[in-house]
Amino acid sequence: MEEEGVQGDGVVVAVEGAAVVGAEAVGGAAVGGENSRGPPKWIRDLPVLGVGLGFRKSLKQEIFAHKQEIDFLELILDQYIGPSFGQIMELRRLSKAFPLIPHGLGLSLGSVDFDDPGRLRDFASVVKMVRPPWWSEHIAMTRAGPLDIGHLAPVPFTEEMVEIVCRNIAAVKKILPVPLILENISYTHHFSRNELTEAEFISAILERSDCGLLLDVMNLYANSQNHRYDPIQFLDEIPLERVVQIHAIGGRWASGVLVDSHSASTPVEVWELLRYVARRAQVKAILIEWDEQIPPFEVISGELSIARNILSETPERFSERRAYAFR
Ligand SMILES: [Fe+2]
């Protein structure tokens, strides 16, 4: 009933209308650069959202005060499971002001025993409430049997695990037929029984499950530093045409490990990786993902501005299509 209340006031209609305008504007745009494969039609038809920010309660006032700098918001989906009346009202207010993208943390697509229809239905109910052009989850495990691991844990890069993740995604898509994009995580643990490289593993999952990619360039940079590989080679080995959204932010070094702590300005190396991707992929959205040690908003404004500039360097892919007529 609460869900119907949110959907019934015209908010969703506004979002859907915007999606159609965006899709028309995107349609037919070519993917250039070195990637000649081109995205699947369903990705090509997704709207361009622009530059966004992760919604955090502590930023709520500033977000509305700086509305013109923010094209969309990303919501932590798990925080709205079984939403209270206050949360439904919050979703309604946010929906009226911004396109919203739900971002899941705890679905645990890498679990072997992915068989909790209640949890999946909870996720689906929040996504359906927002009715976004796409939603996202991680290629990770957060639960092992009844145990909640409490963080995003990596899974072995094996053919068997590709099959498991794809099987889980197929189950998700049956209940939630909204385009799903998958995020690469940062990890410190490396499985000795890996059969595939990380790039091969992610590529296989994306292709076989027909999902888009939420490329976290900070996670990529952290992994490349911690596991000593070339991030450009990684980017050249994955299907960049499946990139839909990008996460950017900075981390911190701790005991010789680069931690993806979402606590600092995006480092220049990460911006360069983002620029490399933006020149080769039909990026629909870039999100600044600040969680810890949140600075004065002018610092965040600067990050949003850099992200916007990077996208504007590829005019045929972004500037002319920045017609997401939402506001
Ligand atoms: Fe991320």
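Quick caveat, the model's predicted, so the values are computed rather than measured.

## Description of the pairing of strand E5 (residues 141-144)
Consecutive side chains along a regular strand alternate between the two faces of the sheet.
Then step 1. Bridge count for E5 against strand E6 (residues 147-153) is three bridges, and the pairing is antiparallel. Residue pairing across strands places Met141 opposite Ala153, the latter belonging to E6.
Then step 2. Connecting the antiparallel pair E5 and E6 is a turn made up of two residues, with Gly145 showing a positive phi of about 60°.

## Some thoughts on the pairing of strand E2 (residues 72-76)
Then step 1. The element E2 is largely enclosed, with a buried count of four among its five residues.
Then step 2. One ladder, built from three bridges, connects strand E1 (residues 50-54) with E2; its direction is parallel. Each residue of the ladder has a partner; that of Leu53, found in E2, is Leu73.
Then step 3. The parallel pair E1 and E2, bridged by helix H4 (residues 60-65), forms a crossover whose chirality is right-handed.
Then step 4. Strand direction decides the pairing type here: E2 and strand E3 (residues 100-103), joined by four bridges, are parallel. By the bridge assignment for E3, Ile76 is matched with His103.
Then step 5. Note that the unit made of E2, helix H5 (residues 85-97) and E3 has a crossover that is right-handed.

## Side note on the confidence of the model for the chain
Then step 1. Of the residues in the chain, 84% reach a pLDDT of 70 or more, and the chain-wide mean stands at 85.
Then step 2. pLDDT under 50 marks residues 1-35. Its contacts with residues more than four places away, or in other chains, come to 67 contacts.
Then step 3. Long-range and interchain partners of residues 318-327, a stretch whose pLDDT sits below 50, account for 26 contacts in this model, where long-range means more than four residues apart.

## Notes on unusual backbone geometry
Then step 1. Positioned with a positive phi, Arg131 is a non-glycine residue whose angle comes to about 50°.
Then step 2. On the secondary structure map, Arg131 appears in the loop between helix H6 (117-130) and strand E4 (135-138).
Then step 3. Although it is not a glycine, Gln293 sits at a positive phi angle of roughly 45°.
Then step 4. Along the chain, Gln293 falls in the loop between strand E12 (285-288) and helix H12 (297-312).

Cut-off values and rules
Residues numbered from 1 in each chain as written. Predicted model: local features only at pLDDT ≥ 70, side-chain atom pairs only at ≥ 80, totals over all residues. Pairing = 2+ DSSP bridges. Helix = DSSP H or I, 4+ residues; strand = E, 2+ residues; numbered from the N terminus. Buried ≥ 20, exposed ≤ 12 C-beta atoms within 10 Å, placed from the backbone. Right-handed = clockwise from strand over helix to strand, strands pointing away. pLDDT = per-residue confidence, 0-100. Contact = placed C-beta atoms within 7 Å.

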